[in-house]
Amino acid sequence: MISVMIVDDEYIVREDLKTLIDWEEQGFQIVAEAENGTRGLGMYQKCRPQLVFADIKMPVMDGLAMSQKILEANPETKIILLSAYSDFDYARKAMEQGICSYLLKHEIDEESLIKELRRVKEIIWDNEQRWKRERNRRLKQALLEEKADSFPELSRESMCMAILSVHGEKAVEMRLDEIEEFEEEMRNVLALKEKEYLIGINSQEYVLLFSGTAVRGRRELQEKVRQIYGLLREAAGRRGLRDISLAFSEKGGKAESTALWYRKTKHLLEYRYFEKDPDIFYAWDYETEEKSDIPEQRFHELTRDFWKALQEKEAENLHQLITGVFDELKAAKDLDFFDKIIRFLGMSLWNEKAAIETETYVTPEEFIRKIKAIGDIDDMADWFCNEFGQLYC
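This section reports on the structure supplied with the text. Treat the numbers as computed from the prediction; the structure is a model and nothing was measured. Throughout, a residue's number is its position along its own chain's written sequence, starting from 1. Where local features are concerned, this predicted model is filtered to residues with pLDDT of at least 70; where side-chain atom pairs are given and counted, the filter is 80 or more; whole-chain, interface and lining totals use all residues. Only hydrogens and water are set aside; all other atoms, that is, all heavy atoms of the structure, feed into the side-chain values.

**Overview of the packing of aromatic side chains**
Item 1. Within 6.5 Å between ring centres, the rings of Phe, Tyr and Trp (the latter by its six-membered ring) count as paired, and their orientation is classed by plane angle as stacked under 30 degrees, edge-to-face over 60, tilted in between. This structure, assessed with the given rule, holds 20 aromatic pairs.
Item 2. Between Phe248 and Trp284 the ring centres are 5.9 Å apart and the planes differ by 70°, which places this aromatic pair in the edge-to-face class. With a gap of 36 residues between them, Phe248 in strand β9 (residues 244–250) and Trp284 in helix α10 (residues 283–286) connect regions that are remote in the sequence. Trp284 matches Phe248 in its accessibility class, with the two residues each being buried. To qualify as a helix, a DSSP run of H or I must reach at least 4 residues; to qualify as a strand, a run of E must reach at least 2; elements of each kind are numbered from the N terminus. Exposure categories follow from relative accessible area, calculated using a 1.4 Å probe and restricted to protein chains: below 20% of the type maximum is buried, above 50% is exposed, and the middle band is partly exposed.

**As for the pattern of salt bridges**
Item 1. Note on definitions: salt bridges are taken to be side-chain nitrogens of Lys or Arg within 4 Å of carboxyl oxygens of Asp or Glu. A complete count under the given rule lists 28 salt bridges for this structure.
Item 2. When the shortest N-O distance is used, the salt bridge between Asp279 and Arg226 registers 3.4 Å. Pair noted here: Asp279 is in the loop between α9 (258–268) and β10 (280–282) and Arg226 is in helix α8 (residues 217–237), with a separation of 53 residues, a long-range link.
Item 3. In this structure, the salt-bridge partner of Asp243 is Arg272, at a minimum N-O distance of 3.7 Å. A residue pair is termed long-range when its members are at least 10 positions apart, and Asp243 in the loop between α8 and β9 and Arg272 in the loop between α9 and β10 qualify at 29 residues.
Item 4. Each of Glu270, Asp339, Arg343, Glu365 and Lys372 takes part in a single network of salt bridges with overlapping partners.

**Remarks on the sheet that holds strand β1 (residues 2–7)**
Item 1. As summarised here, the arrangement of the 5 strands in space is β2-β1-β3-β4-β5, forming an open sheet in which the pairing is parallel. Every interior strand has two partners, whereas the edge strands, β2 (28–34) and β5 (101–104), have only one. In this sheet, neighbouring strand axes are inclined to one another by 25° on average, regardless of whether the strands run parallel or antiparallel.
Item 2. Here the rule is simple: two strands pair whenever DSSP picks up at least two bridges between them. For strand β3 (residues 51–55) and strand β4 (residues 78–83), the ladder comprises 5 bridges, and the chain directions are parallel. Bridge pairing in β4 places Phe53 opposite Ile80.
Item 3. Residue contacts are counted whenever heavy atoms from the two residues lie within 4.5 Å of one another. What counts as an axis is a line fitted to C-alpha atoms, over the stretch in contact for a helix, and the angles between N-to-C directions run from 0 to 180 degrees. Sheet strands in contact with helix α5 (residues 110–144) are β1, β2, β3, β4 and β5, and its direction is about 160° off that of β4.

**Notes on the sheet that holds β9**
Item 1. Taken together, the 5 strands give an open sheet; going across it, the order is β7-β8-β6-β9-β10, and neighbouring strands pair in mixed fashion. Looking at strand neighbours, the two that pair on one side only are β7 (197–202) and β10, the edges of this open sheet. On average, adjacent strands in this sheet sit at an angle of 20° to one another, irrespective of strand direction.
Item 2. Here strand β6 (residues 159–166) pairs with strand β8 (residues 205–211) via 7 bridges, running antiparallel. Counted as the bridge partner of Met159 is Ser211 from β8.
Item 3. Along the sheet, α9 contacts β6, β7, β8, β9 and β10; its crossing angle with β6, the most-contacted strand, is approximately 45°.

**Quick look at the environment of Ile244**
Item 1. Along the chain, Ile244 falls in strand β9.
Item 2. Judged by its relative accessible area of 1%, Ile244 is buried.
Item 3. Here the alpha-carbon distance between Ile244 and Leu232, two residues 12 residues apart in the chain, equals 8.8 Å.

**A look at the nonpolar core**
Item 1. For our purposes a nonpolar core is just a set of buried Ala, Val, Leu, Ile, Met, Phe, Trp, Tyr and Cys residues, chained together by side-chain atoms within 4.5 Å. Counting 55 residues, the largest nonpolar core has Val207, Leu209, Phe306, Phe326, Leu329 and Phe384 as the members making the most contacts within it.
Item 2. The dominant element in this core, judged by the number of residues it contributes, is helix α13 (residues 335–356), at 9 residues.
Item 3. Setting aside chain neighbours within four positions, we find Val207 in contact with Leu143, Met161, Ala162, Ile163, Tyr197, Leu198, Ile199, Ile201 and Tyr262.
Item 4. By size, the runner-up hydrophobic cluster in this structure holds 29 residues, among which are Ala171, Phe182, Tyr206 and Val215.

Printed below as a string of structure tokens:
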């Protein structure tokens, strides 16, 4: 609903406007009214309406003076002047100063008022879409490009981040319009408040940011995250997206950049490959996680042995190498090594397929994303063995 305030010194004019149409049916809600500009300015500061109807000539403070102060405070506010014939030129000059339009009082009827409201609604909607696109651009920039200053709202230490990861082929193949619809549905089910944000990074990843100031203690915070997960799971389920995970962390401090915070939180999602039926990954559960780092030399040995098996087209040897390295990964839970191996095997397979197929339907990055949507680490091992086996059987 678009919020509306009516300011006119004549009670009957205010009442006529309020009862002339069904405002809510048109998507508007009258939230305030006042009999002069001074009172109207006070009500504006209290209610912050998006649209103001203002009579030009009123006692104490006239409509033009009030409108000027409102527009100085918020240029996005739309103001429609209510004018008499003798005020016509005065109103036209006011429009040049940023006032939306004017209506002649004796000509206002149901049809003309609805027509004007629809025009204003379209302007407000266009402005909101522009503002949202700019906000999302700055937010995504802060998350991905180490430009924390592009979204200073995230510098507060009390901020929390939850990253929703949607798995499976159906998520990978979502169209842009489907992604935007899914984002909007999630915003609605979460009933996001001011300074709470949800943005899609791609069809499989969505970032939610909110303040943890009102939450007392880890147990209460954990309960809030589980509620968020439940709502998002329902929204995803309505679109046939059954397999989801959520990573959650709190901001590490003002010194930590938003991009680093985002990468650390996203990193948690890769533990899903090592867990059965994963749902939520809390950062504090993995701060003391025992794991062993696989030496870099081991990666070079594996890639050397793998390339040799590829060149010799030894399907059995490839199978042993793949199952062996995934067994090592399960034991070590080394996420950096896991990512290297998936990218190495994925790119090797993509290159092999590209060499023998007349058309390659996905880019290398899309191919890697599809691989990571397969399932847990055992599912990946079986999939790689099967795919390379088909090439050389």
